[in-house]
Amino acid sequence: MSDRLLELEESVTHTGPKGVINDWRRFKLESMDQENLPTAKKELLRQMSSPNKSKDDSRGNLNRKMSVQEYEMLKEEDEGCLKKYRKRCMQEMHEKLSFGPRFDGVHDLDSGEAFLEVIEKEHHSTVVVVHIYKVGVKGCEELNSCLDCLATQYPTVKFCRIDAVSSGASERFSDDVLPALLVYKAGELLGNFLACTQHLNEEFFATDVEAFLNSYGLLPEKELPGGEDEENDVE
């Protein structure tokens, strides 16, 4: 095999088992406190994290197995680091499997035009929940707080809010029909809930609003919490 073919082979990014192992090793190296690592351990991790980038070692040394001493040197960090690595892989998988964009927080709409744009131009797979409110109307402030919470739990849902006056339809959305929740997908109105707090207890929370929307099948399946329990186990 020519030197050029060897170079090409070494430059390939593996997507099979070797690629996964090397990715894990790189993650392990990056996640450790480099400043406090012993020099021998730091160098060993560096070699393991990028085995195909060394120009000094032979191909046999690049693929060598760890010695017992090297294994003992590294295994103490494996458990905690592996949990972090698993969490990262799960997050990446969720992102790849999530169709459509992801959102952060509740979006404030300042005009009727912005209201129409979010309904008509959002990704066809995205559920859009719009809260029409008015300052001082009972239940509006509480519902806004609930949506702030739900937006963190359903990042693929676009939660929005707009003041009834700013919407340009204050006559239609008078105080007696507020707060109102409108739910859209692909430009189609799926839910139109006027005075929606009438369907909730006088004191309600995000879980109550979630259950209400779920009773109509309007929310997607909630994503996994991202390994919070595992993270708490890692010191």
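Placed above this text is the structure.
Just so it is clear, the structure is predicted and the values come from calculations on it, not from any experiment. (Residues numbered from 1 in each chain as written. Predicted model: local features only at pLDDT ≥ 70, side-chain atom pairs only at ≥ 80, totals over all residues. Heavy atoms only, no water.)

A. The arrangement of the sheet that holds strand 3 (residues 158-163) in detail. Taken together, the five strands give an open sheet; going across it, the order is 1-3-2-4-5, and neighbouring strands pair in mixed fashion. If you trace the sheet from one side to the other, it starts and ends with strand 1 (107-109) and strand 5 (188-193), each paired once. On average, adjacent strands in this sheet sit at an angle of 25° to one another, irrespective of strand direction. Across six bridges, the pairing between strand 2 (residues 127-133) and strand 3 is parallel. Pairing of V129 across the sheet is with F159, part of strand 3. (Pairing = 2+ DSSP bridges. Helix = DSSP H or I, 4+ residues; strand = E, 2+ residues; numbered from the N terminus. Axes fitted to C-alpha atoms, helices over the stretch in contact; angles between N-to-C directions.)

B. Region of interest: the pattern of salt bridges. This model, assessed by the stated rule, comprises six salt bridges. Between D148 and R161 there is a salt bridge; the shortest N-O distance is 3.1 Å. One end of the pair, D148, is in helix 7 (residues 140-153); the other, R161, is in strand 3, with 13 residues separating them in the sequence. For R161, a relative accessible area of 14% gives the class buried. Residue E210 pairs with K222 through a salt bridge whose shortest N-O separation is 3.0 Å. With E210 in helix 8 (residues 206-214) and K222 in the loop between helix 8 and helix 9 (228-233), this residue pair connects regions lying 12 residues apart in the sequence. Residue classification places K222 among the partly exposed positions, given a relative accessible area of 38%. Look at the salt bridges and you will find they share partners, linking D108, D148 and R161 into a network. (Salt bridge = Lys/Arg side-chain N within 4 Å of Asp/Glu carboxyl O. Buried < 20%, exposed > 50% of the residue type's maximum accessible area, 1.4 Å probe, protein only.)

C. Representation of the packing of aromatic side chains in the model. Summed over the entire model, instances satisfying the criterion amount to four aromatic pairs. On the basis of an interplanar angle of 55° and a centroid distance of 4.9 Å, the ring pair of F193 and Y216 is categorised as tilted. Residue F193 is found in strand 5, and its partner Y216 is found in the loop between helix 8 and helix 9; the two are separated by 23 residues along the sequence. For F193, a relative accessible area of 10% puts it in the buried group. Here the aromatic rings of F212 and Y216 are separated by 5.4 Å at their centres, their planes lie at 70°, and the arrangement is edge-to-face. Taken together through their ring pairs, the aromatic side chains of F193, F212 and Y216 make up a single cluster. (Phe/Tyr/Trp six-rings, centres within 6.5 Å; stacked < 30°, edge-to-face > 60°.)

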